[in-house]
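# Observations on chain architecture
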Amino acid sequence: MNTTTISTSQYLAKAVEIASNNVRNAGGPFGAIVVAADGQIFEGVNRVTANNDPTAHAEVTAIRTACQGLGTFDLSGAVLYSSCEPCPMCLASSLWARIDRVVFAADRHDAARAGFDDAVFYDYFDTPVERRLMPVVRETGEPGDTGHLEPFNIWNSLAIRIDY
């Protein structure tokens, strides 16, 4: 399929369609499409409850499928079309994948009205550290101990590595 002949609204309609079909298949009401720079199309649907995998959001699934299909972790030039506004995890995944643009149909408020309220996740980083829902703390061991840096030291010493 050539991305120049299909409109944004058509990709979004397809994402909504695969989300609706996923609900009929014991999945969540979310669908996503990654359109690679070369025009290849990769779909993903929400399988959180079906697979008992809290990371199996439609956008992440589409990104994983695109990366596997293209044989790369770098989706530069790609566009992600989602039936709903990506949650913070999906947005971060899109950033890590180097996706150029994200386009969505329903927003986070539409999702909240259907019982998918991600507000706590959006607010997490705006909340002072001491009041966050889940504490994330740094522990490095005894003063002067640098053992926690070993993986990075090994990485930095590699003559051949794949930077990302």
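Our subject is the structure that appears above.
Quick look at the structure, then. (Residues numbered from 1 in each chain as written. Predicted model: local features only at pLDDT ≥ 70, side-chain atom pairs only at ≥ 80, totals over all residues. Heavy atoms only, no water.)

### Some points on the packing of aromatic side chains
- Tallied over the entire structure, the rule returns five aromatic pairs.
- Ring centres 5.0 Å apart and planes at 85° place the aromatic pair Phe30 and Phe116 in the edge-to-face group. Highlighted residues: Phe30 in the loop between helix H1 (8-23) and strand E1 (31-35) and Phe116 in the loop between helix H5 (108-113) and helix H6 (119-124), separated in sequence by 86 residues.
- Owing to a relative accessible area of 33%, Phe116 belongs among the partly exposed residues under this scheme.
- Measuring from ring centre to ring centre gives 6.4 Å for Trp155 and Tyr164, while their planes differ by 75°; the resulting arrangement is edge-to-face. (Phe/Tyr/Trp six-rings, centres within 6.5 Å; stacked < 30°, edge-to-face > 60°. Helix = DSSP H or I, 4+ residues; strand = E, 2+ residues; numbered from the N terminus. Buried < 20%, exposed > 50% of the residue type's maximum accessible area, 1.4 Å probe, protein only.)

### So, the side chain of Ser82
- Within the fold, Ser82 resides in strand E3 (residues 79-84).
- Residue classification places Ser82 among the buried positions, given a relative accessible area of 1%.
- Among the polar contacts made by the side chain of Ser82, one reaches the main-chain carbonyl oxygen of Cys84 at a distance of 2.7 Å.
- Beyond its immediate stretch of four places on either side in the chain, Ser82 contacts Leu12, Ala15, Gly31, Ala32, Glu59, Val103, Phe104 and Ala105. (Polar contact = N/O pair within 3.5 Å; in protein donor to acceptor, adjacent residues only side chain to side chain. Contact = heavy atoms within 4.5 Å.)

### Focus on the sheet that holds E3
- Taken in spatial order, the four strands make up an open sheet running E2-E1-E3-E4, and their pairing is mixed. Both edges of this open sheet fall to strand E2 (41-45) and strand E4 (101-106), since each of them pairs with a single strand only. Direction aside, neighbouring strands of the sheet carry axes that sit 15° apart on average.
- Sheet topology places E1 next to E3; four bridges connect them, and they run antiparallel. In the strand pairing of E3, Ala32 is matched with Ser82.
- Of the strands in this sheet, E1, E2, E3 and E4 are in contact with H1, which crosses E1 at around 140°.
- In this fold helix H3 (residues 58-70) packs onto E1, E2 and E3, with an angle of close to 145° to the strand it touches most, E2. (Pairing = 2+ DSSP bridges. Axes fitted to C-alpha atoms, helices over the stretch in contact; angles between N-to-C directions.)

### Here we look at the pairing of E1
- Most of E1 is tucked away: five of the five residues are buried.
- Going residue by residue along E1, you find Gly31, Ile33 and Val35 tucked away on one face and Ala32 and Val34 tucked away on the opposite face as well.
- Pairing analysis gives five bridges linking E1 to E2, with the strands arranged antiparallel. Bridging across to E2, Gly31 finds its partner in Val45.
- Between E1 and the antiparallel strand that follows it, E2, lie five residues; Gly39 among them carries a positive phi value of about 95°.

### Quick look at the environment of Val60
- Checked against the element boundaries, Val60 lands in helix H3.
- When the C-alpha positions of Val60 and Ala92 are compared, they lie 9.7 Å apart, and in sequence the two are 32 residues distant.
- Non-local contacts of Val60, meaning those with residues more than four positions away in its chain, are made with Thr55, Met89, Cys90 and Ser93.

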